[in-house]
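# Commentary on secondary and tertiary structure
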Amino acid sequence: MRPSWDDYFMDITQRVAMRTTCLRRPVGAIIVRDKRILSTGYNGAPRGLAHCAEVGCMRERLGIPSGQRPELCRGLHAEQNAIIQAALYGTPIEGSTLYCTHQPCVICAKMLINAGIVRLVYANPYPDTFSRELLAESGMEINVWEGPSTAQNP
């Protein structure tokens, strides 16, 4: 059985997440249009800076719960890195789909909306109800991926 397109791209997204340097939550994201991967991203420190895997997690040291105070992290989110990589190489992403291992936070949700992403597929929840509200208000198509389907998709 061939995987559906969503299964195929989510499988790749999970592989991208394996490049993370975050100690708390490995996240991967890919941006796709017309069944072609335009950009990928995973969560980690800006290029040239020490990674959390090397210097430790400030959020962990401060006891900050998941979903709170995202500014107190040296890393960029996977969605942010995917958007930045597309911009860096001049790849237009308007009208595309973002596949992500996790629901975007509110900061990433606002970036996705302004970048012209029209569809979001994610696998794992994230404790950010405001993000879900903004994504719904934007009219973006949102699909929660629940694992590989049994249907065949050529």
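Below is a short write-up of the structure.

### Examining the side chain of Asp7
- With respect to the helices and strands, Asp7 occurs in helix 1 (residues 5-17).
- Look at Asp7: it is buried, it has no salt bridge, and the nearest opposite charge is Arg119 at 9.3 Å.
- Each residue touching Asp7, except ones within four places of it in the same chain, is listed here: Trp145, Gly147, Pro148 and Ser149.

### Remarks on the pairing of strand 4 (residues 119-124)
- A large share of strand 4 lies buried, amounting to 5 of its 6 residues.
- Across 5 bridges, strand 3 (residues 97-102) lies against strand 4 in parallel orientation. Counterpart to His102 in the pairing with strand 4 is Asn124.
- Handedness of the strand 3-helix 5 (residues 106-115)-strand 4 crossover: right-handed.
- Bridge count for strand 4 against strand 5 (residues 141-144) is 4 bridges, and the pairing is parallel. Residue pairing in the sheet places Val121 in a bridge with Asn143 of strand 5.

### As for the state of the cysteines
- On inspection of all chains with the given rule, the structure shows 0 disulfides.
- Between Cys22, a cysteine without a disulfide, and Cys73, which holds the nearest cysteine sulfur, the sulfur-to-sulfur distance is 6.0 Å.
- The structure places no disulfide on Cys57, whose sulfur is separated from the nearest cysteine sulfur, that of Cys52, by 5.6 Å.

### Points about the packing of aromatic side chains
- Within this structure, the stated rule accounts for 4 aromatic pairs.
- Between Tyr8 and Phe9, the aromatic rings sit 5.0 Å apart at their centres with planes inclined by 65°, giving edge-to-face as the arrangement.
- Exposure remark for Tyr8: the relative accessible area of 39% places this residue in the partly exposed category.
- Consider the rings of Phe9 and Tyr99, whose centres lie 5.3 Å apart with planes at 40°: the pair is tilted. Of this pair, Phe9 sits in helix 1 while Tyr99 is found in strand 3, placing the two residues 90 residues apart along the sequence. Side by side, Phe9 and Tyr99 carry an identical accessibility label, which is buried.
- Ring pairs connect the aromatic residues Trp5, Tyr8, Phe9 and Tyr99, which therefore count as one cluster.

Cut-off values and rules
- Per chain, residues are indexed from 1 in the order of the written sequence.
- Restriction of local features to residues with pLDDT of at least 70 applies here, the model being predicted, together with a cutoff of 80 or more for giving and counting side-chain atom pairs; totals for whole chains, interfaces and linings are based on all residues.
- Note that the side-chain values use all heavy atoms of the structure and ignore hydrogens as well as water.
- Strands are runs of DSSP state E lasting at least 2 residues, helices are runs of H or I lasting at least 4, and numbering of each runs from the N terminus.
- Only protein chains enter the area calculation, which uses a 1.4 Å probe; residues under 20% of their type maximum are buried, those over 50% are exposed, and those in between are partly exposed.
- Just so you know, the count uses Lys and Arg for positive and Asp and Glu for negative, and it drops His and the chain ends.
- Counted as salt bridges are all cases of a side-chain nitrogen of Lys or Arg within 4 Å of a carboxyl oxygen of Asp or Glu.
- Contacts are assigned to residue pairs that have any heavy atoms within 4.5 Å of one another.
- When DSSP locates at least two bridges between a pair of strands, those strands are taken to pair.
- The path from the first strand over the helix to the second decides the hand: if it runs clockwise while the strands point away from the viewer, the crossover is right-handed.
- Cysteine sulfurs are considered disulfide-paired once they come within 2.5 Å of each other.
- Centre distance within 6.5 Å is the pairing criterion for rings of Phe, Tyr and Trp, where only the six-membered ring of Trp is used; planes under 30 degrees apart are then read as stacked, over 60 as edge-to-face, and the remainder as tilted.

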